[in-house]
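The lines below spell out each chain.
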Amino acid sequence: MVCCITFGKFKHKYKYILYSAISLLISDFAFGINYHGVFTELSLMTIFGITDVNYNQHYYIRQIFCYFGTFILSIILYKIEEKKSRGDSIKSKKETSSSLESSFNSNSGIELIYENNETIYYSKFFVSKLLFLILLWAIEEKFTEKLNSIFKHLDFWMLEFLFLSIFSKKYLAIEIYRHQKLAMLLTILPLTLKIVTIFLSFYDDEEKKNPSSFKREDGLMKILYVLYPLLIPIGIIIYLSMKIMRAYIKTQIKWYMDIKYVSTTKLLMNYGIIGTIFYTIICTITTFTDCPHNDKNFEDYFCETHENDNENDNEKDNGKKYFASFSLYFTKILFNHYILEPIILFFGILGFSFYKFYSLMIIKKLTPIHLVFSLPLFYIMRKIILTKSIVNFLIHNRELSTYMIKYILDSVGDFLCIFAYLIYLEVIKLNFCNLNFNLRDNIITRGQTELSPKELINENDDSDSSIDRGDTKNSLNSND
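The paragraphs below set out a description of the structure included in this document. A quick note: this is a predicted structure, and the numbers were derived from the prediction, not measured. (Residues numbered from 1 in each chain as written. Predicted model: local features only at pLDDT ≥ 70, side-chain atom pairs only at ≥ 80, totals over all residues. Heavy atoms only, no water.)

1. Considering the overall build of the protein
Defined as follows: Only DSSP runs of H or I reaching four residues or more are called helices, and only runs of E reaching two or more are called strands; each is numbered from the N terminus. With a 1.4 Å probe rolled over the protein chains alone, any residue whose accessible area is under 20% of its type maximum counts as buried; one over 50% counts as exposed, and the rest are partly exposed. Here, residues are in contact when the closest pair of their heavy atoms is within 4.5 Å. In this description, accessible areas are obtained by the Shrake-Rupley approach with a 1.4 Å probe, and a residue is regarded as covered only by the protein chains that are shown.
The secondary structure content of the protein amounts to 18 helices and four strands. Taken over 480 residues, the protein has a buried fraction of 47%. Here the analysis covers contacts within the protein between residues at least 6 apart in sequence; of these, 78% occur between residues at least 24 apart. When the accessible surface of the protein is summed, it comes to about 25200 Å², and 63% of that surface belongs to carbon and sulfur atoms.

Okay, here's the thing in C-alpha cells:
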C-alpha cells in the first residue's frame, strides 16, 4: 500500500535557497532585526552596547556601501571565473589537439588551427534594455521596503509565487504541473491570515489615540490605512504592481542568462555599480534638501534622519529631518564610531552581496519561481533570533496585545508557505489524486522504460537540469 504522503530528496541545487536566506539574515542582523519596530531590536550594535538613538537613521547611506561591496565582490568572482574558464579552455584544447593529431599521420603536413567562438556580439538596444532592467530591479527593491514600513501588513509577498509562475510559463515556457498548482493554491491560507492582520489593526486602541499626531504613545508610527481606510486598496495596488514588476524582471534575467549567455558575475557587477550610482545621487540630493515639517510628524514616514538627538517629537523645534544625509552620517556616526561602524558595514555588505549572488544562482541553476522560496525561510529564522525580545515583550506587557496576535498569525503563515513550497520542490510528495504523476522521479522512471541503454545514460545525465530549469534554452530559441 502506497503512503499518501512521502518525502523526497532535498536536491543539491536547493542549497542556494538556504544560502540566500542565511545571507539575507546576516545583512539584516548587521543593521538591525525587528518586527515593525515593536520588539527590542537585535543587531551587532546592541551586542556591542551602542545606544546611540541616531544610529539606525542612515539606512540608505549604508545601502550605498552594500551596492558598492556587491560590485567589488562581482569583480573578484569574475576574475576567479575567468581564470577557471581559461584553464578549462586550455585543457580542452590540449585534449582536442591530442585526439585529432592521433587521427592523422605525423607526415601529413596538416596544421591544426583553433578559433575562439566564445565572443558574442550584443547590440546597443540589448545592452540598454538589460541595464534598464537592472536599474528597475534596484529601485523596486528599496521602494517596496519603504512601502512595507508605511503600509504595514499589506505586503502580500506570497502572491509573487503566482506572478513568477505566470511569467515563467509565458516567457520561459516552464510547464506548471498539478502538484505545483496545488502548492500555489495552498498559499491562499497564509494570504487569508495576512488579511486578518489588516483587520486587527483597526481594533488596536493605540492607533486611535491622540488623532493630532501620526505617532503612537509608545513611539511607533501609526498605520496610515487605519487613519485613512481608502489607502488600503491604493496600497495593495501599488504593492502588487511592484511584485508584478519584480516577477517580470527576474524572468527576463533568466532569459538573458539562458538564451543570451549573460554571466551571473556580469549581472551582479552591473547591479552593484548601477545601485551605487543611483542611490549616491539620491542621497546627495537629499543631503542638501530637508523634509518639509508637519505638525503631525507626517514626514517621519519618509524622513528618518534627524538633525537633533532629541527624541521628544512633541517639541516643535526638533531640528531638520532628512530622507538621507551624508553630512549627518559622517559627523554623527562614522566619526563617533570609527571602529564599530566599519565592522557592521563589513557584515552588512557581506550578507547583502552574497544574498544577491545566491539569488542569481537560484535563477540560473533552478528557475525564477524558486526565488520566493527563501523568503518564508528567512522570516522564520529572523523570528527565531527575536525569541528573547518577544519573551521580554510578553513579560513587560503581560497581555496578548494586538501586535503579538499579528506576530503569531504571520508566523503561522510563514510555516504554511514553507509547507506549500516543499510540495512544489517535491520534498513532500502527495501520492493521491494523481498529484504525483509529474514528479521528477516519476518522469525519469517513465522515461527509462522507453529508452535504450545508450539513450538511458544520456537521459540520466541531463534529466536533473532540464526538469529543474524548464529546459528554457531549447524552448526559447524560436523566440530569439
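2. Let's talk about the packing of aromatic side chains
Put simply, the rule is: The rule is short: rings of Phe, Tyr and Trp, with Trp giving its six-membered ring, pair when the centres are within 6.5 Å, and they are stacked under 30 degrees, edge-to-face over 60, tilted in between.
The tally for this structure, following the rule as stated, stands at 32 aromatic pairs. Their ring planes at 40 degrees and their centres at 6.3 Å tell us that Tyr16 and Tyr358 sit as a pair that is tilted. Taken together, the residues Tyr16 in helix H1 (residues 15-31) and Tyr358 in helix H12 (residues 340-365) connect sequence positions 342 residues apart. By relative accessible area, Tyr358 is classed as buried at 17%. Ring geometry for Phe202 and Tyr225: centres 6.0 Å apart, planes at 45 degrees, overall tilted. With Phe202 in the loop between helix H7 (188-201) and helix H8 (224-227) and Tyr225 in helix H8, the pair connects residues that are 23 residues apart, well separated along the chain. When its relative accessible area of 23% is taken as the criterion, Phe202 is described as partly exposed. Following the ring pairs from residue to residue traces out a cluster consisting of Tyr59, Tyr60, Tyr67, Trp137, Tyr271, Phe278, Tyr279, Phe323 and Phe352.

3. Remarks on the state of the cysteines
What counts here: Pairs of cysteine sulfur atoms within 2.5 Å are identified as disulfides in what follows.
This model, assessed by the stated rule, comprises one disulfide. Each disulfide pairs two cysteine sulfurs, and for Cys291 the partner residue is Cys303, the sulfurs being separated by 1.7 Å. When the S-S torsion is -90 degrees, as for the bridge of Cys291 with Cys303, the disulfide is left-handed. Taken together, the residues Cys291 in the loop between helix H10 (264-287) and strand S2 (305-306) and Cys303 in the loop between H10 and S2 connect sequence positions 12 residues apart. Classification of Cys291 as buried rests on a relative accessible area of 13%. What makes Cys303 buried here is its relative accessible area of 5%.

4. A word on a nonpolar patch on the surface
Short version of the rule: A patch consists of residues whose relative accessible area exceeds 30% and which take part in no salt bridge; residues with like charges are grouped when within 9 Å of each other, and nonpolar side chains (Val, Leu, Ile, Met, Phe, Trp, Tyr) when within 5 Å. The term salt bridge refers to a pairing of a side-chain nitrogen on Lys or Arg with a carboxyl oxygen on Asp or Glu at a separation within 4 Å.
A contiguous nonpolar patch, built from Leu18, Tyr19, Ile22, Ile26, Ile47, Phe48, Tyr338, Ile339, Ile343, Phe346, Phe347 and Leu350 and spanning about 1100 Å² of accessible area, is present on the exposed surface. Looking at the nonpolar patch, the elements with two or more residues in it are H1 and H12. With respect to the helices, strands and loops of the structure, Ile339 is situated in the loop between helix H11 (326-334) and H12. Taking relative accessible area as the criterion, Ile339 reaches 56% and is therefore assigned exposed.

5. Quick look at the nonpolar core
For soluble globular proteins, nonpolar side chains are generally found buried alongside one another. Under the convention used in this document: The criterion is simple. A nonpolar core is a set of buried Ala, Val, Leu, Ile, Met, Phe, Trp, Tyr and Cys residues joined through side-chain atoms within 4.5 Å.
With 110 residues, the main nonpolar core has Trp157, Phe161 and Phe373 as its most contacted residues. Looking at this core element by element, the count peaks at 12 residues for H12. Residue contacts for Phe161: discarding those within four places in its chain leaves Ala183, Met184, Thr187, Ile369, Val372, Phe373, Tyr421 and Tyr424.

6. Some details on the environment of Glu206
Examined against the element boundaries, Glu206 turns out to sit in the loop between H7 and H8. In the structure, Glu206 is positioned 11 residues away from Glu217 in sequence and 7.3 Å away in space, judged by C-alpha atoms. Discounting chain neighbours no more than four positions away, the residues touching Glu206 are Arg216, Glu217 and Lys222.

7. Digging into the pattern of salt bridges
Pairing between side chains of opposite charge can happen when their charged atoms approach one another. For the structure shown, the criterion picks out 14 salt bridges. A salt bridge links Lys254 to Asp258; the shortest N-O distance between them is 3.2 Å. Of this pair, Lys254 and Asp258 are both found in helix H9 (residues 231-259), four residues apart, which corresponds to roughly one turn of the helix. Each of Glu140, Glu160, Lys243 and Arg246 takes part in one network of salt bridges that share partners.

8. Considerations on empty space enclosed by the protein
We count it as follows: A 1.4 Å probe that fits into a set of points on a 1 Å grid over the protein atoms alone but cannot get out defines a cavity; an open set with protein on both sides within 12 Å along at least five of seven lines defines a pocket, and lining residues are those with an atom within 4 Å of a point. Grid points are joined across faces, edges and corners, and a volume is the space filled by probe spheres set on the points. Under the scheme applied here, ten amino acids are nonpolar (Ala, Val, Leu, Ile, Met, Phe, Trp, Tyr, Cys and Pro), four are charged (Asp, Glu, Lys and Arg), and all others, including Gly, are polar.
Tallied over the entire structure, the rule returns three cavities of 30 Å³ or more. Every residue along the wall of the largest cavity is listed here: Asn56, Gln57, His58, Tyr59, Tyr60, Ile61, Lys146, Phe302, Glu304, Thr305, Phe323 and Ala324. The greatest single-element share of the lining of the largest cavity, amounting to three residues, is contributed by helix H3 (residues 59-103). Broken down by class, the residue content of the lining of the largest cavity amounts to six nonpolar, four polar and two charged.

9. Focus on the side chain of Gln252
By the element assignment, Gln252 lies in helix H9. Apart from residues lying up to four places away in sequence, Gln252 is in contact with Lys129, Leu133 and Tyr171.

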